[in-house]
Amino acid sequence: MPGQQKISSFFSPKRTALSVIRANDQPEAKVRKTESDLPKSSFPKSSWSFKFVPSSNKKVMQCSWKAALQTELQKSYYKELCNFVAKERASYTVYPPEDQVFTWTQHCDIHNVKVVILGQDPYHGPNQAHGLCFSVQKSVPPPPSLLNIYKELEKDISGFKRPEHGDLSGWANQGVLLLNAVLTVRASQANSHKDKGWEKFTDAVISWLNCNLRGVVFILWGAYAQKKGSKINAKKHHVLKGVHPSPLSAHRGFFGCQHFSKANDYLIKEGKSPINWSAL
């Protein structure tokens, strides 16, 4: 797998994915070339630097999200985070795949977000994580927490029938932001990318939504999500707090929380179309 190559391979003159970045240029000025494609005069040590940068933050982030978060993307901590993830991918298997880290931005414009569901860490098993919290790719069975979410939906939403898969893209297409606090993880090592910078970045995402939108439903399951969403303005938005759907806690209050119908009731009150939770 590409994620298992040694870091030194990324700096080979033969590798076409080498990013050539002018030291004083903005990120949009980045071009991808090999050293052999450029004349030697193009490489004065004082003006050029070479860095393997994850393509996901440049190629995959939907344009409205990138525009809203542009200032954050240029901060030093984010550049250090990108370097960290690149080195991790060079030596280990990292989930989700590089082109799916920002899947949560691809399904709707940032201004059209209606509901936010916060998760903590991507699934760390093969073919599971694809950039939406609680969601897995259709090729793998739904994990226990997601099965409990389906159970609550069957009781809360009339006509809901549990799908045979765990892909929640149908919700994301309607304006449900499925955001993990940490966006990458080393295979088989939960929380292995904790405290590397992702939390600061996703805090900025939540802050932008909190400040620039109105009438968003924030669903916070568990103590971690509730702490992360503690600064949400409850006068502008609707905040639903509850127990995490994990099998370890779901029976202590997640079942029966009716967060899905309550979210729709609020959206309708705000003059917005409700979420069709069955559209999966």
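What counts and what doesn't
Residues numbered from 1 in each chain as written. Predicted model: local features only at pLDDT ≥ 70, side-chain atom pairs only at ≥ 80, totals over all residues. Heavy atoms only, no water. Salt bridge = Lys/Arg side-chain N within 4 Å of Asp/Glu carboxyl O. Buried < 20%, exposed > 50% of the residue type's maximum accessible area, 1.4 Å probe, protein only. Helix = DSSP H or I, 4+ residues; strand = E, 2+ residues; numbered from the N terminus. 1 Å grid on protein atoms, 1.4 Å probe; cavity = no way out; pocket = protein on both sides within 12 Å on 5 of 7 lines; lining within 4 Å. Points joined across faces, edges and corners; volume = space filled by probe spheres on them.

Now, about the pattern of salt bridges: what can you tell me, with residues and values included?
When their charged atoms lie close together, side chains carrying opposite charge are able to pair. By the definition in use, this model includes three salt bridges. Between Glu72 and Lys75 there is a salt bridge, and its shortest N-O distance comes to 3.2 Å. Classification of Lys75 by relative accessible area gives partly exposed; the value is 35%. Glu88 is the partner of Arg186 in a salt bridge, and the nearest nitrogen-oxygen pair spans 2.9 Å. Residue Arg186 is found in strand E7 (residues 185–186), and its partner Glu88 is found in helix H4 (residues 76–91); the two are separated by 98 residues along the sequence. According to the relative accessible area criterion, Glu88 is buried, its value standing at 8%.

Tell me about helix H9 (residues 259–269), residues and numbers included.
Residues separated by three or four positions in an α-helix point in the same direction, a consequence of the helix having 3.6 residues per turn. All buried positions along H9 are accounted for by His259, Phe260, Ser261, Ala263, Asn264, Tyr266 and Leu267. Phi turns positive one or two residues past the end of H9, at Gly271, with a value near 80°.

Talk me through empty space enclosed by the protein; I want residue IDs and the actual numbers.
One pass over the full model with this rule turns up two cavities of 30 Å³ or more. Computed from the structure, the second largest cavity encloses a volume of approximately 30 Å³. Around the second largest cavity, the lining residues are Trp65, Trp104, His107, Cys108, Val113, Ala172, Val176 and Leu177.

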